[in-house]
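Breakdown of the fold
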Amino acid sequence: GAPGTLFASRGAMAPPRTRGKKGDGDTGQRSNIKQERRLKSKQTASVDATLAQGGEFIVSGADQRPGVRMLLDEAQEQLERMNIASAVAKLAEAYKAAPNDVEVLDAYGALLAETGDLEGAEAVLRRAIEIMPQVGWEKYMCLGQILPGTEGVAMVRQGVKMLFEEWQQNLRSKAIVKTDPKELKAQLGRALCCLGEMLLSEAHSQAADGGGLEVEECESVLKKAASLLPTSPEPLQALAALRFEQERKEEACELLRKSVEMWLQLEDNKGEVDHPVAAHGKDGAEVLEAEENNEDHWLEENGMDELPSLEFRFEAAKLLLEMEQPGETELALEVLQRIVEENDTVVDVWYLLAVAQVRSHNWEDAQEALDEAQRLAQMTPDPPPAEMFDEVVQGIAELKAEQGVE
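Below, the structure is looked at part by part. A quick note: this is a predicted structure, and the numbers were derived from the prediction, not measured.

Here we come to helix H17 (residues 363–377). A rise of 1.5 Å per residue sets the reference length of H17, with its 15 residues, at 21 Å; its end C-alpha atoms lie 20 Å apart and thus fit the reference within 8%. Looking at the buried side of H17, the elements it contacts are helix H16 (347–359) and helix H18 (390–402).

And the structure:
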């Protein structure tokens with residue numbers, strides 16, 4: 001993929017963020033790293049908010065014309081092939097043909113958000129809520145992550161409430177065919193993590209404006225998420241960020257290490273999985289299918305549906321470096337080096353790797369990472385300001401001076 005950036009703040013030491021916010025300049029270039037991860041997993045569709053199990057668009061019960069249904073199917077096919085622009089075009093055509101179809105609105109709005117058109121996404125998702133406010137928690141979650149401040153939090157709260165009610169109804173249902181309650185439980189856990197992170201961000205903003213750091217609700221929400229997702233690294237990382245904000249650094253480090261070690265171990269185990277099909281000379285498609293089946297098996301054994309996204313792992317590295325501890329810096333280096341092995345086209349990753357190398361007193365490796373970050377930055381449609389790199393440039397100069405290097 002083309003070079004991209006993850007975060008508009010550019011600064012490596014900014015508080016962890018995993019959401020785009022209207023008006024903060026986080027314009028969807030972050031989806032580049034997500035798209036690369038999707039190529040390496042079975043779940044190729046990247047629109048989490050509107051894709052249900054098996055990668056199918058959620059059906060809202062709308063009375064659709066055959067042409068609209070065909071456009072939705074074609075958009076789904078393009079997503080599975082990672083042809084994102086083509087999928088957007090298909091959904092735009094469906095939206096033009098059926099502007100009041102909630103299934104079309106949900107899918108189109110979420111994909112616009114994923115690809116960075118936040119204003120367009122907001123308009124489409126608000127329309128979907130206006131037409132059918134009582135059905136579809138996904139659109140509330142998606143819109144909540146676009147909107148700033150308390151309005152965004154309110155939308156996500158509503159999405160969590162509706163998802164919880166759907167989960168409870170599903171548990172009580174005696175229908176033979178219904179959504180897997182385990183999947184709904186996992187979705188609820190992830191939604192609570194999202195709400196907890198937003199509450200922490202709001203608390204941090206209020207504290208910066210002179211108020212105290214009010215995090216009681218955030219803590220409660222994240223603990224609920226952890227109880228629903230006991231084998232997931234996501235709640236642990238969110239709790240680590242909370243402990244860091246509370247200046248409980250030792251607890252933060254412990255939680256973050258536990259979270260990171262979960263998926264580092266899974267990555268290591270993945271590399272050790274035997275692929276007997278390949279050994280018997282089968283063709284590439286059969287080998288790939290065997291690898292995917294093996295991957296699903298060991299993920300299931302460890303209570304996870306997939307490895308965390310590269311963006312999630314990048315946030316882990318940022319938080320590790322914020323701890324300013326030698327052991328955490330070393331772990332951040334390992335995380336970042338693994339990320340560039342999977343995707344070496346993201347400016348922010350190379351920049352943060354350069355920061356980590358400076359912290360580890362490796363000026364030559366830091367210079368190499370910095371050079372790559374600067375090279376990629378010049379190739380992006382919206383290059384970061386040159387001062388983004390000042391911290392690393394100064395750090396390299398100081399290390400060279402200490403070591404007597406001209």
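A few words now on the nonpolar core. The biggest cluster of nonpolar side chains holds 111 residues, and the ones touching the most others in it are Val160, Val260, Trp263, Leu336 and Val392. When residues of this core are assigned to their parent elements, the largest contribution, 11 residues, is made by helix H8 (residues 181–208). Each residue touching Leu336, except ones within four places of it in the same chain, is listed here: Phe314, Ala317, Val349, Leu352, Leu353 and Ala356.

The next thing to look at is the packing of aromatic side chains. Throughout the structure, instances matching the rule amount to three aromatic pairs. Judged by centre distance (6.0 Å) and plane angle (70 degrees), the ring pair of Tyr351 and Phe389 falls under edge-to-face. Of the two residues, Tyr351 is situated in helix H16 and Phe389 in the loop between H17 and H18; the sequence distance between them amounts to 38 residues. Lying across the ring of Trp263, Arg313 places its NZ or CZ 6.0 Å from the centre.

Right, let's talk about the pattern of salt bridges for a bit. Applying the stated rule across the entire model yields 20 salt bridges. The shortest N-O distance in the salt bridge between Glu372 and Arg375 comes to 2.6 Å. Placement of the pair is Glu372 and Arg375 together in helix H17, with a separation of three residues, close to one helical turn. Since its relative accessible area comes to 43%, Arg375 is described here as partly exposed. Where salt bridges share partners, they join Glu219, Lys223, Arg243, Arg248 and Glu251 into one cluster.

This part takes up the side chain of Gln187. With respect to the element layout, Gln187 can be found in helix H8. Contact partners of Gln187, with chain neighbours within four places excluded, come to Trp137 and Leu163.

Conventions we followed
- Residues numbered from 1 in each chain as written.
- Predicted model: local features only at pLDDT ≥ 70, side-chain atom pairs only at ≥ 80, totals over all residues.
- Heavy atoms only, no water.
- Helix = DSSP H or I, 4+ residues; strand = E, 2+ residues; numbered from the N terminus.
- Expected span 1.5 Å × (residues − 1).
- Contact = heavy atoms within 4.5 Å.
- Core = buried A, V, L, I, M, F, W, Y, C linked by side-chain atoms within 4.5 Å.
- Buried < 20%, exposed > 50% of the residue type's maximum accessible area, 1.4 Å probe, protein only.
- Phe/Tyr/Trp six-rings, centres within 6.5 Å; stacked < 30°, edge-to-face > 60°.
- Lys NZ or Arg CZ within 6 Å of the ring centre and 35° of its normal.
- Salt bridge = Lys/Arg side-chain N within 4 Å of Asp/Glu carboxyl O.

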